[in-house]
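Report on the structure
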Amino acid sequence: MVELSIIIPTYGRVTKIRNAIQSALINSLCEVIVVDDNGKGSEHQLNTESILEDLIVSKKIKYIPLEKNSGAGIARNVGIKQANGEYVTFLDDDDFFIDGKLLEKLNFFKHQQEQPAVCCSHMQVEENGKGVLANDDKFVGHDAKTFLLSGSCYTSMIMIKKSVLEAIGGFYDTPYLQDHTLMLKAFIQNYSVCVFAENVFVHTIHNGASITTGTRPIAGVQLRCKLEKELSNKVTLSASEQNDLNYRWSTIDYHNYWLEHGRNFSLFKFLFTKIVWRSRTSEQLYESFKLLVKFGMKYQYYSK
């Protein structure tokens, strides 16, 4: 009987994937599903399969090579379809679980009286094997309003019932913010979240290939804003909280306008009247100043 399915998508990290898998091989109650997103027959796919051959043959892992590189969202959705566990969690191919913590989290999740749909936790961040301080190492968003206003989530922080994943349609096929948009969908559909307030995995910082291609694609951020607007209609917000959201959404509209129409006077007018003029807090004023500087430098943060 499988209780927990651990889905590990992989792309271009032949030398790192085995360490991630070994940390997930816990006991017979957990299954490990590796979704190879390198593209069937590619050099990375063949090397990955070769490195994992003993684990595949011994059936310690379920290995699924995709026909072509499809992105993290699709890769995880393929893994979800193959999952046999009542619960599902995720791990990036260059990260690893901390000994014992995953089962502690599962036990915590199973014994919540409120029977939440999702259980999230924190992470430890390392660079070159040494711990580093990070401002996003904690999951933020125990309820819909908190997540809407200041949510922070990495995919591997999420443990979720498979039935809930199926009900909300899994991950979006988006090149950016798959984890955040998944949580927004769960909150929109009124699913509850509990928090196991401990580090469960180590997130490693390095320069290397990523399963998600592109640099800060705006489509993912636009999708996040669309879902945030939907969720904002389901929670009670103060005037200042609504202003904060409007400011955030306006900055994305500004970047999209730039990408669609180029850098011109009307863009500057949009920046000044829709963003700078509407700044209400010191943080917003600071962010508006940075946008003005980037406008002058012709620096665009997002890409199409």
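Computed from a predicted model, the values in this text were never measured in an experiment.

1. Description of the overall build of the protein chain
Within the protein chain, the regular secondary structure consists of 12 helices and 9 strands. Relative to the compact-globule value of 19 Å for 304 residues, the protein chain shows a C-alpha radius of gyration of 21 Å, a close match. Each of the three principal axes of the protein chain carries a C-alpha extent, and together these read 65 × 50 × 35 Å. A burial count over the protein chain gives 49% of its 304 residues as buried.

2. Comments concerning the packing of aromatic side chains
Inspection of the entire model under this criterion finds 13 aromatic pairs. Between phenylalanine 90 and phenylalanine 171, the ring centres sit 5.2 Å apart and the planes meet at 85°, which makes this aromatic pair edge-to-face. Here phenylalanine 90 is found in strand E4 (residues 87–90), whereas its partner phenylalanine 171 is found in the loop between helix H7 (162–168) and helix H8 (178–188), with 81 residues between them in sequence. Pair check on accessibility: phenylalanine 90 and phenylalanine 171 agree, each one buried. What links up through ring pairs into an aromatic cluster is the set Tyr254, Tyr257, Trp258, Phe268, Phe270, Phe272, Trp277 and Phe295. The ring of tyrosine 172 has lysine 185 lying over it, and the distance from NZ or CZ to the ring centre is 4.3 Å. Looking at arginine 216, its charged tip hangs above the ring of tyrosine 301, at a distance of 4.2 Å from the centre.

3. Structural notes on the layout of surface pockets
The gaps of empty space that remain are located by a probe, the size of a water molecule, rolled over the atoms. Approximately 180 Å³ is the volume found for the second largest pocket. Forming the boundary of the second largest pocket are 13 residues, of which Lys16, Asp94, Phe96, Thr204 and His206 lie nearest the centre. Counting residues per element, the ones that place at least two in the lining of the second largest pocket are strand E6 (118–127) and strand E9 (193–205). Residues of the lining of the second largest pocket, tallied by class, amount to 2 nonpolar, 6 polar and 5 charged.

4. What about the pairing of E4?
With burial as the criterion, each face of E4 is covered, one bearing Tyr87 and Thr89 and the other bearing Val88 and Phe90. Summarising the sheet, strand E1 (residues 4–10) and E4 pair through 4 bridges and their orientation is parallel. Opposite serine 5, over in E4, you have valine 88 as the bridge partner. Examined bridge by bridge, E4 and strand E8 (residues 158–161) share 3 bridges and lie antiparallel to one another. Paired with tyrosine 87 across the bridge in E8 is lysine 161.

5. Looking at empty space enclosed by the protein
Tallied over the entire structure, the rule returns 1 cavity of 30 Å³ or more. Of the voids in this model, the largest cavity is the one considered here, and its volume is about 40 Å³. As for the largest cavity, its lining consists of Tyr87, Phe109, Lys110, Gln115, Pro116 and Lys161. Of the residues assigned to the lining of the largest cavity, the class counts are 3 nonpolar, 1 polar and 2 charged.

6. Topic: the pattern of salt bridges
For the coordinates displayed, the defined rule picks out 14 salt bridges. Here glutamate 241 and lysine 145 are joined by a salt bridge, their closest N and O atoms 3.2 Å apart. With glutamate 241 in helix H10 (residues 239–261) and lysine 145 in helix H6 (residues 144–150), this pair connects stretches of sequence that are 96 residues apart. The partner of glutamate 260 in a salt bridge is lysine 304, and the shortest N-O contact between them spans 2.6 Å. Residue glutamate 260 is found in helix H10, and its partner lysine 304 is found in the segment after helix H12 (282–297); the two are separated by 44 residues along the sequence. Relative accessible area serves as the criterion here: at 59%, lysine 304 is assigned to the exposed category. Among the charged side chains, a salt-bridge network with shared partners connects Arg13, Asp93 and Asp94.

7. Structural notes on the side chain of lysine 101
You can see lysine 101 is positioned in helix H5 (residues 101–110). Lysine 101 gets classed as buried once you look at its relative accessible area, which sits at 18%. When near neighbours in sequence (up to four residues on either side) are disregarded, lysine 101 contacts Phe196, Glu198, Asn199 and Val200.

8. Quick word on the environment of leucine 245
On the secondary structure map, leucine 245 appears in helix H10. Its relative accessible area of 0% is what places leucine 245 among the buried residues. For the pair leucine 245 and glutamate 228, spaced 17 residues apart in sequence, the C-alpha separation works out to 8.5 Å. Every residue in contact with leucine 245, bar those within four places of it in the chain, is listed here: Leu148, Leu149, Ser232 and Leu237.

9. Some words on the pairing of E6
Summarising burial for E6: 8 of the 10 residues are buried, a large majority. One ladder, built from 3 bridges, connects E6 with E8; its direction is antiparallel. When the sheet's bridge partners are listed, cysteine 120 is paired in E8 with isoleucine 158. Both E6 and E9 contribute to a ladder of 10 bridges, which runs parallel. When the bridges of E9 are listed, glutamine 124 appears paired with valine 202. The turn linking E6 back onto strand E7 (residues 130–131) is made up of 2 residues, and asparagine 128 within it adopts a positive phi angle of 55°.

Cut-offs used in this document
- Residues numbered from 1 in each chain as written.
- Predicted model: local features only at pLDDT ≥ 70, side-chain atom pairs only at ≥ 80, totals over all residues.
- Heavy atoms only, no water.
- Helix = DSSP H or I, 4+ residues; strand = E, 2+ residues; numbered from the N terminus.
- Rg over C-alpha atoms; globule rule 2.2 N^0.38 Å.
- Buried < 20%, exposed > 50% of the residue type's maximum accessible area, 1.4 Å probe, protein only.
- Phe/Tyr/Trp six-rings, centres within 6.5 Å; stacked < 30°, edge-to-face > 60°.
- Lys NZ or Arg CZ within 6 Å of the ring centre and 35° of its normal.
- 1 Å grid on protein atoms, 1.4 Å probe; cavity = no way out; pocket = protein on both sides within 12 Å on 5 of 7 lines; lining within 4 Å.
- Points joined across faces, edges and corners; volume = space filled by probe spheres on them.
- Nonpolar A, V, L, I, M, F, W, Y, C, P; charged D, E, K, R; others polar.
- Pairing = 2+ DSSP bridges.
- Salt bridge = Lys/Arg side-chain N within 4 Å of Asp/Glu carboxyl O.
- Contact = heavy atoms within 4.5 Å.

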